[in-house]
Amino acid sequence: MKYYLTTPIYYVNAAPHIGHAYTTIVADLLRRFRRMQGYEAVLTTGSDEHGVNVERAAERAGKTPREFCDAIAGEFERQWRLLGLQIDHFQRTTSPQHARVVQDLFERCRKNGYVYKGSYTGQYCIFDNLYVNEAKPGDPCPDCGRPTETITEENFFFKLSAFQEKLLDLYERQPDFIQPETRRNEVISFVKAGLTDLSITRTNIKWGIPVVGEAPHVFYVWFDALTTYMSAVEGENLWPADLHLIGKEIVRFHAVYWPAFLMAAGLDLPKRIFAHGWLLFENDKMSKSRGNIVRSEPIRQVMGADALRYFLLREVVFGQDGSFSYDALIGRYNSDLANGLGNLASRTLTMISQYRQGVIPEADRHEAVASLAEQTIAALVTSFEAFEFSKGLEAVWVLISAVDKFIVEMAPWKLVRQSDASAPRQLGSALYTAAEALRIVTALLAPVLPESSRKIWAQLSMPEPIDAVRFDNLKWGGLQPGQKIGEIKGVFPRIELKPAVDKMRELELQVTAEQQVLLGKKPEPAPAEAPAGIAKIGIEDFLKADLRVGRVLWAENVKGSDKLMHMKVDIGEAEPRTIVAGIAEAYRVADLVNRLVVIVANLQPRKLKGIESNGMIVAASVNDGKPVLAGFHEDIPVGARLK
Ligand code: MSP
């Protein structure tokens, strides 16, 4: 039986980080888990390489789009290899075979009457190459503030509106089509509110898959990207997918557009979409401007890939947002892996080596431990099938604690010194019970901790490879008395917090710098004089700018924008100034209120997201880094001029 699952295909205009690793690790876990259930599980991931953003990123890097994509897609592949992820297909949207499948999907939709040519009129920013959906004629671009233009473009449209009932019917008939429940409800209300037709081609982009016979039309990136799930396994009899694993921000594309495209083309629908939550850094969104993006490589180098996998699966409730921090990572590692599993393994194996010359003894069944172990097998399988990874792992750790307690109660170190006739048998049974429980725990954890489980498995000298273990025949009693254990080596050495965090942070800087080079961003040189391209000016030019000391009286995040902050700033005039600035990713409302800032008071007013900004706040930043507001160390009255 096959089980086909996918991750999103990642954009190549950013380098891989632990957010991407999170989804891909879970996908790898599920592939391994399904294989242990006997499925022929196949995993597709890949890279999403078309569109203006990539075109532009390549240009910035001084590369052709092709060269640029090769480099970043290669970096994603390399990261997955380093993490030991079992990926069957790494599909790139720039592969010619993928293009054919996209073109074929379009033809099918067109043949079935779901595609028509129409024209799109809207506001467009020619600097950013972006449609500004909510803008009216005359509005500025919310990103760059420059005026948008009204353009009319001829596009091919997909009749999404024809699928409202069919989609609602699908969600009804297959209640687990979209999981978890909260996401399902969001999608249902979105579809109930009515669907408008979707433009699925563009004529203003060159870096895309051409629509056959319809130059200069190329496909809209999402029509192109979603089709990867099919193109990756073309001719392999794997479609429909059993599972699309995604992050919560792309639910609409997967749960609305994608099934509609497939229905229109008369193709089978994926069976399930599971949208997980966001991985935050110390409860904050990870972002380039905050400079808090965490990469997996430093963690792998210092703690191993299994430590990262365990943390992500145990600490984050799958489906909800979760927070990453180095402290929590190391805390979990030490308590659960070093003290928990690692300690159980080394203690059990060492006793067998010391008290029984390394030979697994004959035993009587200890019912409590044996039946708890069998229940744990069932509990883990049930939890993992329901995507409840942390719950499944908790059950395994209940077993580990129970075995620890059992060892203390049996006290093999006392039994070994007792001279009554039953002591050797009791000692043997105690050791066997601990070792057999360890074997079961190790097998259960193989999908989560592949590298470490393999090591413990080898120390138990199990004759069959761990990959061959199936849940079906994982039962108490599989460990054979008489078997001689292998060489004992600690699997999870304790990690000291401070040096480990320092090392990871240091590596983080290194890895980020390497990735910046890959993305073609040069490290900022320290400018000794005015950078080339900015002419020297006289004092009279400088004085044209009316720079004033202001105090922020009130601030609020602008709705529908991550970047913009709406503020009222007192600059010593009768009325406070309304100022909208792109600082919301760097400052919270509470950081701003009452703060002294520098305002350019005589700037032409401009409208941002419908709010007229009357002046500009002065901030410094490095490259695309987060803005840092200019301010004062001494007392200075509001309204004072900077000269
Ligand atoms: N290219 C599209 C997806 C097309 S799928 C046909 C895209 N790419 S992306 O590079 O932005 O990747 C988004 C996905 O990466 C998320 O859906 C999620 O799986 C993963 N994550 C990226 N950052 C993440 C976090 N901070 N936390 C959790 N997952 C995140 O969207």
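Thresholds, definitions, all that
Residues numbered from 1 in each chain as written. Predicted model: local features only at pLDDT ≥ 70, side-chain atom pairs only at ≥ 80, totals over all residues. Heavy atoms only, no water. Helix = DSSP H or I, 4+ residues; strand = E, 2+ residues; numbered from the N terminus. Buried < 20%, exposed > 50% of the residue type's maximum accessible area, 1.4 Å probe, protein only. Contact = heavy atoms within 4.5 Å. Areas by Shrake-Rupley, 256 points an atom, 1.4 Å probe, with all protein chains shown as cover. Lys, Arg positive; Asp, Glu negative; His and termini not counted. Charge placed at Lys NZ, Arg CZ, Asp CG, Glu CD. Salt bridge = Lys/Arg side-chain N within 4 Å of Asp/Glu carboxyl O. Pairing = 2+ DSSP bridges. Axes fitted to C-alpha atoms, helices over the stretch in contact; angles between N-to-C directions. Core = buried A, V, L, I, M, F, W, Y, C linked by side-chain atoms within 4.5 Å. Nonpolar A, V, L, I, M, F, W, Y, C, P; charged D, E, K, R; others polar. Near = heavy atom within 4 Å. Polar contact = N/O pair within 3.5 Å; in protein donor to acceptor, adjacent residues only side chain to side chain. Expected span 1.5 Å × (residues − 1). Bend = angle between axes of the 7 residues up to and from the residue.

Tallying secondary structure elements over the chain gives 20 helices and 23 strands in all. Taking all 643 residues of the chain together, 52% fall into the buried category. A fraction of 75% describes how many contacts in the chain between residues 6 or more apart in sequence connect residues 24 or more apart. For the chain, the accessible area works out to roughly 29,200 Å², and carbon and sulfur atoms hold 52% of it. Averaging the positions of the 76 positive and the 79 negative side-chain charges in the chain gives two centres separated by 1 Å.

This brings us to the pattern of salt bridges. Side chains carrying opposite charge are able to pair once their charged atoms draw close together. The final tally for this structure, using the stated rule, is 44 salt bridges. One salt bridge in this structure joins R100 and E234, with 4.0 Å as the shortest N-O distance. Of the two residues, R100 is situated in helix 4 (residues 96–111) and E234 in the loop between helix 8 (228–231) and strand 11 (243–247); the sequence distance between them amounts to 134 residues. On the accessibility criterion, E234 (41% relative accessible area) is partly exposed. In this structure, R272 and D176 form a salt bridge, with 2.9 Å as the shortest nitrogen-oxygen distance. Residue R272 is found in the loop between helix 9 (251–265) and strand 12 (273–276), and its partner D176 is found in the loop between helix 5 (164–173) and strand 7 (178–179); the two are separated by 96 residues along the sequence. On the accessibility criterion, R272 (22% relative accessible area) is partly exposed. You can call D176 partly exposed: its relative accessible area is 31%. One salt-bridge network, in which partners are shared between bridges, spans E107, R110, K117, E154 and E214.

Quick look at the sheet that holds strand 18 (residues 596–600) now. Strands sit in the order 17-16-15-18-21 across an open sheet of five strands; the sheet is antiparallel. Since the sheet does not close on itself, it has two edges, and those belong to strand 17 (577–581) and strand 21 (616–617), each with one partner. Taken together, the six bridges between strand 15 (residues 547–557) and strand 16 (residues 565–570) define a ladder with antiparallel strand orientation. Bridge pairing in strand 16 places V552 opposite V569.

Before going further, it helps to examine the environment of W397. Along the polypeptide, W397 turns up in helix 14 (residues 389–410). In this structure the C-alpha to C-alpha distance between W397 and D336, which are 61 residues apart in sequence, comes to 7.9 Å. In contact with W397, other than residues within four places in its own chain, are Y310, D336, L337, G340, L341 and L445.

Our focus in this paragraph is the sheet that holds strand 11. Pairing within the open sheet is parallel, and its six strands lie in the order 3-2-1-11-12-7. Both outer strands of the open sheet, strand 3 (89–92) and strand 7, are each paired with one neighbouring strand and no more. Relative to strand 12, strand 11 runs parallel, the two sharing four bridges. If you follow I246 over to strand 12, its bridge partner there is A275. Sitting on the sheet, helix 3 (residues 65–82) is in contact with strand 1 (2–11), strand 2 (40–48) and strand 3, with an inclination near 160 degrees to strand 3.

Turning to helix 10 (residues 296–303), a few remarks are in order. S296, E297, P298, I299 and M303 are the residues of helix 10 that are buried. Buried residues along helix 10 sit in contact with helix 1 (18–36), helix 3, helix 11 (305–315), strand 14 (322–324), helix 12 (326–356) and helix 18 (497–518).

What follows deals with the nonpolar core. Formed by 118 residues in total, the largest nonpolar core has its most connected members in L30 and L341. With near-sequence residues (within four places) excluded, L341 lies in contact with D336, W397, I400, L438, V441, L445, L449, I456 and F492. Formed by 55 residues, the second largest nonpolar core is a distinct cluster that contains V191, V233, F253 and A275.

Viewed as axis vectors pointing N to C, helix 11 and helix 17 (residues 450–459) meet at an angle of 115 degrees, and their least axial separation amounts to 7 Å. Contacts between helix 11 and helix 17 involve A305, D306 and R309 from the first element and P450, E451 and S452 from the second. When the residues that make up the contact of helix 11 with helix 17 are grouped by side-chain class, the tally is two nonpolar, one polar and three charged.

Here we come to the side chain of R439. With respect to the secondary-structure elements, R439 resides in helix 16 (residues 423–445). With near-sequence residues (within four places) excluded, R439 lies in contact with W457, L460, M462, L474, K475, G477, G478 and L479.

What follows is about the site of the ligand. Taken together, the neighbourhood of the ligand is formed by 23 residues, with I9, T23, D48, E249 and L279 sitting nearest. At a separation of 3.0 Å, an oxygen atom of the ligand approaches a polar backbone atom of Y11. Between G247 and the ligand, the recorded distance is 2.9 Å, taken from a backbone N or O atom to an oxygen atom. Taking 670 Å² as the accessible area of the ligand by itself, protein coverage stands at 94%. Elements represented by at least two residues in the shell around the ligand include exactly strand 1, helix 1 and helix 7 (221–226). In the shell around the ligand, the residues fall into 13 nonpolar, eight polar and two charged.

Let's shift gears to unusual backbone geometry. The omega torsion of the bond from A215 to P216 falls at 5 degrees, within 30 degrees of zero and hence cis. Mapped onto the fold, P216 is located in the loop between strand 9 (201–202) and strand 10 (218–219). Residue P240 is reached from W239 by a cis peptide bond, and omega for that bond is 5 degrees. Although it is not a glycine, E282 adopts a positive phi angle of roughly 45 degrees. Mapping E282 onto the fold places it in the loop between strand 13 (279–281) and helix 10. Judged by relative accessible area, E282 falls into the partly exposed class, the value being 44%. Positive phi values are uncommon outside glycine, yet A411 reaches one of about 45 degrees. The topology assignment puts A411 in the loop between helix 14 and helix 15 (412–415).

Our focus in this paragraph is helix 9. If you check helix 9, its first and last C-alpha atoms are 21 Å apart, about what 15 residues at 1.5 Å a residue would give, namely 21 Å. Of all the bends in helix 9, the greatest reaches close to 30 degrees and is centred on Y257; the proline P259 follows between one and four positions later. Burial of helix 9 is extensive: 13 of the 15 residues sit out of reach of the surface. A positive backbone phi angle near 75 degrees is found at G266, which sits one or two residues after helix 9.

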